Amino acid sequence: MSAIAADRVWKYFGDYPALRGATLEVPAGACVALLGRNGAGKTTLLRILANLSKPSKGEVTVFGESARDEKIRARIGYLGHGIGVYDDLSAFENLILFGQLMNVPDTKAAANAALERVGLTRVRDGFAREFSRGMRQRLAVARAFLHNPEILLLDEPFTSLDDRAIAVLHELLRDALAKGATIVMSTHQIREAMELATQVALLERGKIVHTGPRTPEMLADPGWLYRMYEEKPQ
Amino acid sequence: MRDKAIYILGILGTLLMIWNLHTIFVVLPGEAAQGQIGKMLFIHVPAAITAYSYYAVAVVCSIAFLVTKNFKYDSVAVSSIEVAQVFTLVNLVTGSLWGHVIWGIWWTWDLRLTSQFMCFMLYLGYLLMRPAIAEATQRATMSAILAIFAAADIPLVVMAIRLHNVRTQHPAPVLETGGVDATWWPPLATGYFVLMLIAAALVLVRLRQETVRREIDSLRRELHAM
Amino acid sequence: MKQGLLAALFIARKDLRTEFRTKEALNASVSFALVVLMLFSFAFDLGREEFYDISGGLLWLVYVFAGALIVNRSFIREVPNDCLDVLIASPMPPWALFLGKTIASFVLLLIVELISLPVYGLFNNLQWVHAFWPLFGVMTLATWGITITGVAFSAVTVNVRLRELMLPVLHYPLLIPLLVGAMQVSTALIKGEASDIMQELRIVIAFDLIFTSLALYLIEFILVG
């Protein structure tokens, strides 16, 4: 049973199909780099997997159950374009709140542990709006990993992170993979992302046109996969 | 095929209307108390009932859209509401004119006029909100929700105004239609039928415009994505 | 279900905590209420006795205008940093999120109302203390109606252009039956003639029941779509 299975998913915005029968199967423990140009539908697909949007047609199952099931949602961690923390709450309060909402058993301990992992323990009582951008990003990462999710859905997570935040995220992702988590990460072939990836999937105009293992060529040459598909005759 | 339907409905409606007007003005005598102006009734009341019929169609289509996510329901809903608004306006204006001629007042907050005006206001919000939502699925969903909320409000409005008017000893409905002469019922019913036909033709015209617009929007997005 | 209610309380607490920290909406709302009260004093030049006839009506006008500032902000708070996405992706059911935010707005609006009431009485030399508890009861019922519909519309207009202009156009007409009932009951209570207000009260309660169930049921379509 795959960890995530999207079966012929269509998503219409009005009459425009952003996803046209996208099919993706992600085995448990894999780390998928979801590639594609802007407008290909990466964000749309991730949002559907994260239960932020319903597919117009097709089905998404996570661990064999509907992705919309409450218990499944508790096992998913989502990091989108926005950082997803409240400016007027302290770092600690933010994590307590999200811990409570994600059904984390001992929220105080979990929050403290998360803050330590991302290096924000010193500023745990500082308000998020006072943080620098890099600190805000680390707090966002802390929030996404707080409940030790078995599935991580990340939308261009490495884009516009500072080096400290990149290091923190890279380490957290590696540890999560070591513990058997499944990761789907959309990316513009940032090196750190490609290093972690075990599979790649290429989304083009709403369809998955390639899935397969991430090869050394892809790591060495960022545009390799895109060129493969561009040279194909129309 | 739809064009043909529009023409047929339109022509049929117009012919029937002419025939009905002939009956109303030439055949029927003036009403005892109000003279010829009493015949304003023949457009005032059917306009209201036509408007309510199409509001009802819109609400049903809104529910259908939420369930099926099929955009044709959204298109029918917005077309019906626009046409219903027009007929509500007709009702309000004829009511106002009638009131002025007979009783010297342009307006009164009696039960009927107030509830009609409330309907107009509630669905005006619907029409104002639609252009402010760029994305089509969201626009359709929010519109559907709004249409349902507005419909749920109408019975409460009627209850509240009725109670208010009793409490404040407001004059009874000025435009009372009780006690209408028996010979008036057939043209009244025909009048309703006529307006329903014309409304149907208008809804179909508007519906065609909606369909074309949806197609253009989707083509435009497709173009941008290339 | 119990998890949902608990989540709703967490959300309500979060909203109240952030609001009490900044007090932005509370301050703006109370200030606006005071300004409206002052404007009414200029607009109406009634004798003391005649004023009692419109006391309930004016009170609720103040409340509904000041309340708009509180209620409209409800879902807009979630837009910065895309917090709304995280909340919807969480296991919390959408109705719990909605209920939590409604409870928070309800508490905040009630606070504004309780602050405005004595000021209202003061400016207009109105005797209202004798009717405080029944008045408070009406305030609670009608404020719930205002907040549940207002927060629902706040969710609807999260992605709408010109949302500050939209909300009054959408929300106020809907509130009219509720306000008519609340105004009449309040006037009767203040005047001390509250013998037969059951019918108006019934409208307020009917409004609350109908729109609470409708909003809780439809909120999933609004948030997830």
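Residues numbered from 1 in each chain as written. Chains lettered and ligands numbered in written order. Predicted model: local features only at pLDDT ≥ 70, side-chain atom pairs only at ≥ 80, totals over all residues. Heavy atoms only, no water.

Trainee: Would you mind going over the pairing of strand β3 (residues 31-35) of chain A with me for this structure?
Mentor: Each regular strand shows side chains that alternate between the opposite faces of the sheet. Residue and element names in this part refer to chain A. Along β3, 5 of the 5 residues are buried, which leaves the element largely enclosed by surrounding structure. Residues Cys31, Ala33 and Leu35 point to one face of β3 and Val32 and Leu34 to the other, with burial holding for every one of them. Where β3 meets strand β8 (residues 182-186), 4 bridges bridge the pair, whose relative direction is parallel. Counted as the bridge partner of Ala33 is Met185 from β8. Both β3 and strand β9 (residues 199-204) contribute to a ladder of 4 bridges, which runs parallel. Across the sheet, the residue bridging to Leu35 is Leu202, located in β9. (Buried < 20%, exposed > 50% of the residue type's maximum accessible area, 1.4 Å probe, protein only. Helix = DSSP H or I, 4+ residues; strand = E, 2+ residues; numbered from the N terminus. Pairing = 2+ DSSP bridges.)

Trainee: Where do I start with the interface of chain B and chain C in this structure?
Mentor: Often, the extent of an interface is quoted as the loss of accessible area on bringing the components together. Each partner contributes residues to the interface: chain B has 30 residues there, and chain C has 29 residues. Roughly 2,800 Å² is buried in total at the junction of chain B and chain C, and carbon and sulfur atoms are behind 77% of that figure. Summed over the shared surface of chain B and chain C, the result is 0 salt bridges. Inspection of the region where chain B meets chain C yields 1 residue pair in polar contact (both at pLDDT 80 or more). Counting residues per element, the ones that place at least two in the side of chain B that touches chain C are α4 (111-129) and α5 (136-167) of chain B. (Contact = heavy atoms within 4.5 Å. Buried area = accessible area lost by both parts, 1.4 Å probe. Salt bridge = Lys/Arg side-chain N within 4 Å of Asp/Glu carboxyl O. Polar contact = N/O pair within 3.5 Å; in protein donor to acceptor, adjacent residues only side chain to side chain.)

Trainee: Explain the pattern of salt bridges here, please?
Mentor: Side chains that carry opposite charge are capable of pairing whenever their charged atoms lie near each other. Under the criterion given, the structure shown has 25 salt bridges over all chains. A salt bridge links Lys14(C) to Glu78(C); the nearest nitrogen and oxygen atoms lie 2.6 Å apart. Taken together, the positions of Lys14(C) in helix α1 (residues 2-22) and Glu78(C) in the loop between α3 (48-76) and α4 (83-89) put the pair 64 residues apart, joining distant regions of the chain. The exposure class of Lys14(C) is buried, given its relative accessible area of 4%. Under the relative-accessibility criterion, Glu78(C) is labelled buried at 0%. One network of salt bridges, with partners in common, ties together Glu82(B), Arg206(B), Glu210(B) and Arg213(B).

Trainee: Would you explain the side chain of Ser143(B) in this entry?
Mentor: Secondary-structure assignment places Ser143(B) in helix α5. The residues touching Ser143(B), leaving out its near neighbours within four places in the chain, are Tyr126(B), Met129(B) and Arg130(B).

Trainee: Quick question: what am I supposed to make of the interface of chain A and chain B here?
Mentor: Chain A puts 7 residues into the contact, and the matching count from chain B is 11 residues. Note on chain A versus chain B: buried area summed over both sides is about 830 Å², and carbon and sulfur give 51% of it. Inspection of the chain A/chain B interface yields 0 salt bridges. Sorting the residues of the side of chain A that touches chain B by element identifies β1 (4-13) and β2 (16-26) of chain A as the ones contributing at least two each. Of the residues contributing to the side of chain A that touches chain B, the split by class is 3 nonpolar, 1 polar and 3 charged. (Nonpolar A, V, L, I, M, F, W, Y, C, P; charged D, E, K, R; others polar.)

Trainee: In this structure, what is going on with the packing of aromatic side chains? I would like to understand it.
Mentor: The geometry of an aromatic ring pair comes down to the distance between the two centres and the angle between the two planes. Summed over all chains, the structure comprises 19 aromatic pairs over all chains. With centroids separated by 5.4 Å and ring planes inclined at 65°, the aromatic side chains of Phe65(B) and Phe71(B) adopt a geometry described as edge-to-face. In this structure Phe65(B) comes out as buried when scored by relative accessible area, which is 1%. Judged by centre distance (5.9 Å) and plane angle (25°), the ring pair of Phe132(C) and Phe136(C) falls under stacked. Pair noted here: Phe132(C) and Phe136(C) are both in helix α6 (residues 132-156), with a separation of 4 residues, about one helical turn. On the basis of relative accessibility, which here comes to 22%, the residue Phe136(C) falls in the partly exposed class. Put simply, the rings of Phe149(B), Phe153(C), Phe207(C) and Phe211(C) touch in pairs and so form one group of aromatic residues. (Phe/Tyr/Trp six-rings, centres within 6.5 Å; stacked < 30°, edge-to-face > 60°.)

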